[in-house]
There are 4 protein chains.
Amino acid sequence: MSWFDDSIMARKAIARGETRAEASLTEAEQGDYPYVYSAAITPKLRIDPGTVVTCETHDAFEGAIRSESDKPSEILNFPFLNPQNGPIWINGAEKGDTVAVYIESIVPRGPQPRGTTVIMPEFGGLVPTADTALLTAPLPERVRKVNITAEEGTVWNDRITLPYEPFIGTIGTAPQIEAISSLVPDYYGGNMDLPDVAPGAVVYLPVQAEGGFLFLGDCHAAQGDGELCGVAIEHPTVTTVRVDLIKGWTIRTPRLENADFYMTVGSSRPMEDAARGAYRELIRWLAADFGFDEIDAYMLLTQCGRVRLGNMVDPKYTLGASVLKSIVGIAK
Amino acid sequence: MSWFDDSIMARKAIARGETRAEASLTEAEQGDYPYVYSAAITPKLRIDPGTVVTCETHDAFEGAIRSESDKPSEILNFPFLNPQNGPIWINGAEKGDTVAVYIESIVPRGPQPRGTTVIMPEFGGLVPTADTALLTAPLPERVRKVNITAEEGTVWNDRITLPYEPFIGTIGTAPQIEAISSLVPDYYGGNMDLPDVAPGAVVYLPVQAEGGFLFLGDCHAAQGDGELCGVAIEHPTVTTVRVDLIKGWTIRTPRLENADFYMTVGSSRPMEDAARGAYRELIRWLAADFGFDEIDAYMLLTQCGRVRLGNMVDPKYTLGASVLKSIVGIAK
Amino acid sequence: MSWFDDSIMARKAIARGETRAEASLTEAEQGDYPYVYSAAITPKLRIDPGTVVTCETHDAFEGAIRSESDKPSEILNFPFLNPQNGPIWINGAEKGDTVAVYIESIVPRGPQPRGTTVIMPEFGGLVPTADTALLTAPLPERVRKVNITAEEGTVWNDRITLPYEPFIGTIGTAPQIEAISSLVPDYYGGNMDLPDVAPGAVVYLPVQAEGGFLFLGDCHAAQGDGELCGVAIEHPTVTTVRVDLIKGWTIRTPRLENADFYMTVGSSRPMEDAARGAYRELIRWLAADFGFDEIDAYMLLTQCGRVRLGNMVDPKYTLGASVLKSIVGIAK
Amino acid sequence: MSWFDDSIMARKAIARGETRAEASLTEAEQGDYPYVYSAAITPKLRIDPGTVVTCETHDAFEGAIRSESDKPSEILNFPFLNPQNGPIWINGAEKGDTVAVYIESIVPRGPQPRGTTVIMPEFGGLVPTADTALLTAPLPERVRKVNITAEEGTVWNDRITLPYEPFIGTIGTAPQIEAISSLVPDYYGGNMDLPDVAPGAVVYLPVQAEGGFLFLGDCHAAQGDGELCGVAIEHPTVTTVRVDLIKGWTIRTPRLENADFYMTVGSSRPMEDAARGAYRELIRWLAADFGFDEIDAYMLLTQCGRVRLGNMVDPKYTLGASVLKSIVGIAK
C-alpha cells in the first residue's frame, strides 16, 4: 500500500494513518440509529485518532422492505430514513480540524436477498418530486430484492450480475449548530452517494463541532453515476474504517484521495453549482498544496479534470471533481 | 376588516381568528434568541390558540453592525446569524395541523440609524457564493446605515425615501426531527423573505412536531423582489401577531391570504423548482377547496396566476404564487 | 401622454417618437409568416423611423386549432409554430443601434371563439418536457376555446371573465448570423411572453444586423406570470406599433419603459440566471444613465427592485426586472 | 475491429459501415468555414453513404491567436467563432433518418505551438458570464500556447505533458429551419465538447433536413470533463470520418457507441436537465432495442449507468449517459 504512505492522512494525521486501537458499533452497541447529523446527539462511541471502527450498518430502509410485494409508500415513515452509525466522538477534534477516514472494508451481511432497490412516489431523478413538483401521475411503485455476495456481486437477473463494488453512501461530521437529515448531502458530507467513497480511499471531512461527531451508513453494493431512481442496491454491511485526525488543516467541503487521484466534493443545486463548488475547491487545493497559481490550475483542470456524478436525486446534487496524481504530483 | 371574516383563519381556526389572550416576548423574556428552527429547543412561551403575541425582534445581525465603517466579515460570526423570537409552543398543535398567524403590526424600534444593509463576501444574488462558487474576486464590503420611521419610511439618501413597507422576513414552525439554520427557507417556512408576509396578511404554516414551535424574526423595513444583494433594510421591531390553530387542515408548505389573494409559497433551487412547487400547491388548493378540476386550475392559472419573488439569495430561493379572490372566489 | 415626452424614445430617437408615416402588414401583405428570427429573410416591409405599422397577427397556432375536440399533437407541426409578422427593415439601423417600439394598440380580430389555450404533451411548466425529461406519462391533451372582446375580456366560464389585458408575446430583432425559432426568447427579444410588453409601453431592442429586422406576433388576450401551461389566451389581432430608431445607443438585451417604470429583460436557464441577467443590466443602466455608482444601485435595487416573471415554459425562461421612475427619476 | 462488426452502423447503415468512396475538405476545398449549423448553406461536398471524408479543420479561433501576448477580447470577433467544415450533403438522407459517423483518425497539423487555450472575459465555468451575469470583475485574460504531437501529446510545462487524446468538439447535422451558432450544442449535436467523440467511436446524429448537412470542427488535443475554463487544447487537425446513413432509424438526440459502451447525449440547462435528457433517452433505447421494460431499465441504470460531463460552459451544458455492452448486450 505504498501510495498510502504518501497520503495526507499518513503524513499529517495524529496517528499517521496507523491502527492504534480498535472499536466497534455492532447493532447492539449502536442501539438506536440516528436520522440526523447533529452534534446534539450523545456519542455512541468515543475514540482516539488511529482507531479502527467496525460498524454494523443498516440499509437505508433499516431492513423494513423485505419482499417484492411490499409497498414502500406504506412501509417507509419519512423522515425516519437512512439510519446512521454513530455519532463517533473523536478525542481532540476541534472546529477547523479535519477528520481522515480510511475505508478498510465493506462486507455484506444479513440473510438473502440482502439487496433492495425500489421505485417510490415523488423520489428519483426522472420523476416529479417535492422539489421538481409537476402534475403528472407517479410511476407505479416497485420493489426489487436481489442476492448479494462479495465474491459474485449483485445478481440482477439471470442474465446480468453486477460486480460487488461497495461504498459508503452517507458519511460525514456534524454541523456546528444544525441537525440535518441524513438524506441530505452538504459541506460536512452526508448523503453524497459518491461511488469513490469506497474501500481503499481516504475521505477527509471538516470538523464543525468539538469531537467531530462522525456518522456513516447507507452502504451500496452497486450504484451508477447519479443514483438515477434514487435507490441504489441498498444492503446491510459490516463496514470497517480507520479514523484519524489532522489538526489545523481546514477544509470547506469533503475531499478524498486514493491510489490514483485527489478529489473534492460539491453538493448543491442546480447541478452546475455542485460542479462549480467541487472544481473551485480543487483549484484552491492545487494552489495551496501543489505549487500552482490559481489561474494556471484553472486552465490545467480544463484539460485534465475529471468529474464523477454522485447523486442527481437527493436534496442537493453531489459531484466529485478530481485530478490524477500522475499529473499534479503529491500534495505538500 | 370584512375580508378577514371570510378568511380561512376566521372560519376554521379554534379561536375563530379572535383575540382571546395576550402575551409577549420582549428582549428580556426571550433571553437568548435561537439561530435554528428546531423542536428540541425549550419553548420560550406557551400559548393557547387565539393569543396575540408581541415580540421584540432583533435585526438579522443582532444589532452588531452599528456604523458604516464596520466590516461585516470581521463582525459577523456565521452561523450565529438571523436570531429568532420563539419558539412558541401552541397548545393542542399536532403534526398535520396548521398554525394560522395574522400579522397585526410591525413597528420599528431602537436608536437611529435603525436600518442596516450591507454587501458582504460570498453572499448575494450577483456575486459568487458558496453555492455558485466562482474564481472572481468579491466586491468590496460596504455598510449602509439608514434612518427609519413608520411615518416617513426609510431614508436612502437626500433624494430617495422608500415608504415603510415592513414584513417578517423569517417565520415558520419547527421541522419534525431536524434543526435548520434560520438562514434557510423550506417547507416549514423559515427565511422566505417574501414581502407579502406583511401586516394585514394571514400566514398558514404546517405543524411538523407537537406544539408547532413557532419562530419569527428578521423584519425588513423595505425590500425589493429577490432581496438582490442578500440584505434588505434590516431593523429591530416590535412585531405583533395573532396566533391560532387549525386542527386537521394539513398543508405541505406555507400559504398566505390577505384581502386580495391566496398564495402558496415554494422554496427550492433552481428557481424554476421554487415556481413549480408554489404553483403545483396552488393548483391542488384550487382543486381541493375551490371546486376546480386540477387541469382546469392549471389552465386558468396560466391566464391569471401571479408570482412574487421573495429571495434569490438564500440557500433555497423563495417564490409565492397567488390568485385573486375576485377570480376564484372564497375557499371552502 | 406626458410621460412619453420624457421617454427615451421621445428624447433620443430619430423621429422623436412621433408618427411620420404609416404602413401595414395585413395577412395579404405579409403573405407567409416566418417561424424564425433571421436577417436572411427578405423583408416584408421597409420603413423609415417614425412609421406606425399596423399588423394583422395570427395566433401562435396560425388558427389551426378551431375546436375543443381538436388534438394539438395531431394538428400542430413543430417547428412551424408561432408565426410572426415581419421582418420589417428599418432604414438606417445598424449593429449597435436600438430599435424603439411604442405599442399603440392591440385589438382582437377573427370569428369567435377567437381565443385558444391548450394542454399538449411535453410542453408546459408543470409537466415533463424535452428539457426536463422524465418518465411519467403526459397529461391528457385538452383544448379550450374562449370568446374574447376588447370590452368584456376573455370569457373563461360562466363564473369567470378575465379582463382584456393584451400584450405582444413575441417581438424582437434578428440575430446577426443565426436564424432562431420564434419559440425562443433571447438577447434580441423573441418569445419573451412578458405581459408588460403591452399597449402604452415602449420596448427597446438591440440591432444586430443592418436594417434591424423587426418581427412580432403571438399576442395574448390574458396571461398570468410564467405562462404556466405554456399556452396563454392566444388570439389573432390587429396590433399597431410605432417604430423608431435610436442611433448609437447600444443595449445588450431588451429594455422597456412605460409611465411607471424602467425594465430590463433577462432570458436564460436556470431561472435564477434570467433574474441575474435582468438585474445586472438594470444596475448597469442605473449606473450609466441615472447617476448611481454600481454598488449603490445594487444595494438600492435590493430594497425596491421589482420582478415580473414572463415565461417558465419556453426554451429559455424570461424575467423582467424593473424600478419605479418615482424612485430613480428620469434617464439621462 | 470485431466490435465494429456488431455496431449499429455496420449492421444497419446503407453502406454497412464500409468505405466505398473517398472525399476531402481541405482548406482550399472548404473555402469559407461556416459559423452556424444550417440547412440554408450551400453544401461544400455531396457524398454517398460509405464515403470517407478527410477534413482540414481549423481551431476554434480560426488560428487567430498566435502568441501568448495576444489579447483574445481584442482579436476574437463574436459570433464569428468555432468555424466548421461542411456542410456535407449526404445523398438519400431525409428527416427521420440517422447519420452514422465513424471517426477514423484525428491528426494535428500546422506549425508549433499548435495548441491554444485562453481565459477570456465572460466565458468559462468559474466566472460570471452573459448567462450567469454577476457584478464581480472578470479574471485577467491569459493565452497559453502549447506544442502538440500525436506521439508525445500536449506539453503543458516542463513537468506536465498530457497524452494526445483528440476528439471532435463540435459535430452535428443542420436543424430543420433554424441556423444555430456553432457555439451551441443541442438535439442535433453541435458544440457538445464530449471527449468520447473520439477516434474509434461511432456518432449517430438525427437528420432534420433533406441531405442531413453534416458539420464538424473544433478538435481538441486534450480536455477534462466539463471543459472548465471554456477553452480546451484547441488545435487544427486533419480529421478523417467515415459517413454512412441509417434509413428509418429515428433518434431524438445524438447517440454514440464504441467498443465498450452505448451512450446518449443530453444538452440543456440547468445541468440536471442535461442528465435527465441523456438518461431518459438511454432508457428508451434499452426499452426499444435491448429487451428491457422501461422501469426495469430505469432501475438497472441506477445501479450501473455512467455519466460523462462534456461541457459546463456552452450555452447548453452537455452530458453523456452510457451503459456497458458487457452488461446490456448488443442492440437489436
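Computed from a prediction, not measured in an experiment: that's the story for all the values here.

**A look at the packing of aromatic side chains**
Stage number 1. Scanning all chains against the criterion turns up 48 aromatic pairs over all chains.
Stage number 2. Look at Tyr35(B) and Phe80(B): their rings are 5.6 Å apart centre to centre, the planes differ by 85°, and that puts the pair in the edge-to-face class. Placement of Tyr35(B) in the loop between α3 (27-30) and β2 (36-38) and of Phe80(B) in the loop between α4 (72-75) and β5 (84-90) is noted, with a sequence separation of 45 residues between them.
Stage number 3. Their ring planes at 75° and their centres at 6.1 Å tell us that Trp285(D) and Phe290(D) sit as a pair that is edge-to-face.
Stage number 4. With a relative accessible area of 1%, Trp285(D) lands in the buried category.
Stage number 5. Chaining the aromatic ring pairs together yields one cluster made of Tyr204(A), Trp249(A), Tyr262(A), Trp285(A) and Phe290(A).

**Regarding the relation of the copies chain D and chain A**
Both copies of the chain are placed relative to one another by a rotation about an axis and a shift along it.
Stage number 1. Superposing chain D onto chain A takes a rotation of 180° combined with a translation of 0.0 Å along the rotation axis, leaving an RMSD of 0.0 Å. The superposition of one copy onto the other is thereby described by a two-fold rotation axis. Ranked by how close their C-alpha atoms come to the rotation axis, the residues of chain D are headed by Met271(D), at 2.6 Å.
Stage number 2. Both copies present the same face, since 100% of the interface residues in chain D are matched by interface residues at the equivalent positions in chain A.

**Quick notes on the sheet that holds strand β18 (residues 237-246) of chain A**
Residues and elements named next belong to chain A.
Stage number 1. Sheet architecture is open: nine strands sit in the order β1-β4-β18-β6-β16-β19-β20-β22-β21, paired in mixed fashion. Here the strands that pair on one side only, and so sit at the sheet edges, are β1 (21-25) and β21 (306-311). If you compare each strand with its neighbour and ignore which way they point, the axes differ by 25° on average.
Stage number 2. Sheet analysis places strand β16 (residues 202-206) next to strand β19 (residues 255-257), joined by three bridges and oriented antiparallel. Note that in β19 the partner of Tyr-204 across the bridge is Arg-255.

**So, unusual backbone geometry**
Stage number 1. Put simply, Gln112(C) and Pro113(C) share a cis peptide bond, and its omega is -10°.
Stage number 2. On the secondary structure map, Pro113(C) appears in the loop between β6 (98-108) and β7 (115-119).
Stage number 3. The amide bond that connects Arg269(C) to the next residue, Pro270(C), takes the cis arrangement and shows omega of -10°.
Stage number 4. Tracing the backbone through its elements, the reader meets Pro270(C) in the loop between β20 (261-268) and α5 (271-289).
Stage number 5. One non-glycine residue, Asp218(B), lies in positive phi territory at about 65°.
Stage number 6. Relative to the assigned elements, Asp218(B) resides in strand β17 (residues 214-220).
Stage number 7. On the basis of relative accessibility, which here comes to 3%, the residue Asp218(B) falls in the buried class.

**A closer look at the interface of chain D and chain A**
Reports often express the size of an interface as the amount of accessible area lost when the parts come together.
Stage number 1. Facing 54 residues of chain D, the contacting portion of chain A comprises 54 residues.
Stage number 2. Buried area between chain D and chain A, summed over both chains or domains, comes out near 4,600 Å², and the portion from carbon and sulfur atoms is 64%.
Stage number 3. For Asp296(D), the salt bridge identified is with Arg144(A), shortest N-O distance 2.8 Å.
Stage number 4. At the surface where chain D touches chain A, the tally comes to 29 residue pairs in polar contact (both at pLDDT 80 or more).

**Thoughts on the state of the cysteines**
Stage number 1. One pass over the structure, following the stated rule, counts zero disulfides over all chains.
Stage number 2. Cys229(C) takes part in no disulfide bond, and the closest cysteine sulfur to it belongs to Cys304(B), at a distance of 12 Å.

**Quick look at the pairing of β21(A)**
On any regular strand, side chains alternate: one points to one face of the sheet, the next to the other face.
Residues and elements named next belong to chain A.
Stage number 1. Bridge analysis of β21 against strand β22 (residues 317-324) gives five bridges, and the strand direction is antiparallel. Following the sheet pairing, Asn-311 is matched in β22 by Thr-318.
Stage number 2. Hairpin connection, β21 to β22: the antiparallel pair is bridged by five residues.

**Structural notes on helix α6 (residues 294-304) of chain B**
In an α-helix, one full turn covers 3.6 residues, which means residues spaced three or four apart are oriented alike.
Residue and element names in this part refer to chain B.
Stage number 1. Counted residue by residue, α6 has ten buried out of eleven residues, so it is predominantly covered.
Stage number 2. Looking only at α6, the buried set comprises Ile-295, Asp-296, Ala-297, Tyr-298, Met-299, Leu-300, Leu-301, Thr-302, Gln-303 and Cys-304.
Stage number 3. A distance of 2.8 Å separates the backbone nitrogen of Ile-295 from a side-chain oxygen at the start of α6, and that oxygen is part of Asp-293.

**Remarks on α5(C)**
Residues and elements named next belong to chain C.
Stage number 1. Over its 19 residues, α5 extends 27 Å from the first C-alpha to the last, a length consistent with the 27 Å expected when each residue adds 1.5 Å.
Stage number 2. Summarising burial for α5: 16 of the 19 residues are buried, a large majority.
Stage number 3. Backbone geometry just downstream of α5 places Gly-291 in the positive-phi region, at approximately 80°.

Definitions and limits used
Residues numbered from 1 in each chain as written. Chains lettered and ligands numbered in written order. Predicted model: local features only at pLDDT ≥ 70, side-chain atom pairs only at ≥ 80, totals over all residues. Heavy atoms only, no water. Phe/Tyr/Trp six-rings, centres within 6.5 Å; stacked < 30°, edge-to-face > 60°. Helix = DSSP H or I, 4+ residues; strand = E, 2+ residues; numbered from the N terminus. Buried < 20%, exposed > 50% of the residue type's maximum accessible area, 1.4 Å probe, protein only. Least-squares fit on C-alpha atoms with pLDDT ≥ 70 in both. Contact = heavy atoms within 4.5 Å. Pairing = 2+ DSSP bridges. Axes fitted to C-alpha atoms, helices over the stretch in contact; angles between N-to-C directions. Buried area = accessible area lost by both parts, 1.4 Å probe. Salt bridge = Lys/Arg side-chain N within 4 Å of Asp/Glu carboxyl O. Polar contact = N/O pair within 3.5 Å; in protein donor to acceptor, adjacent residues only side chain to side chain. Disulfide = S-S within 2.5 Å. Expected span 1.5 Å × (residues − 1).

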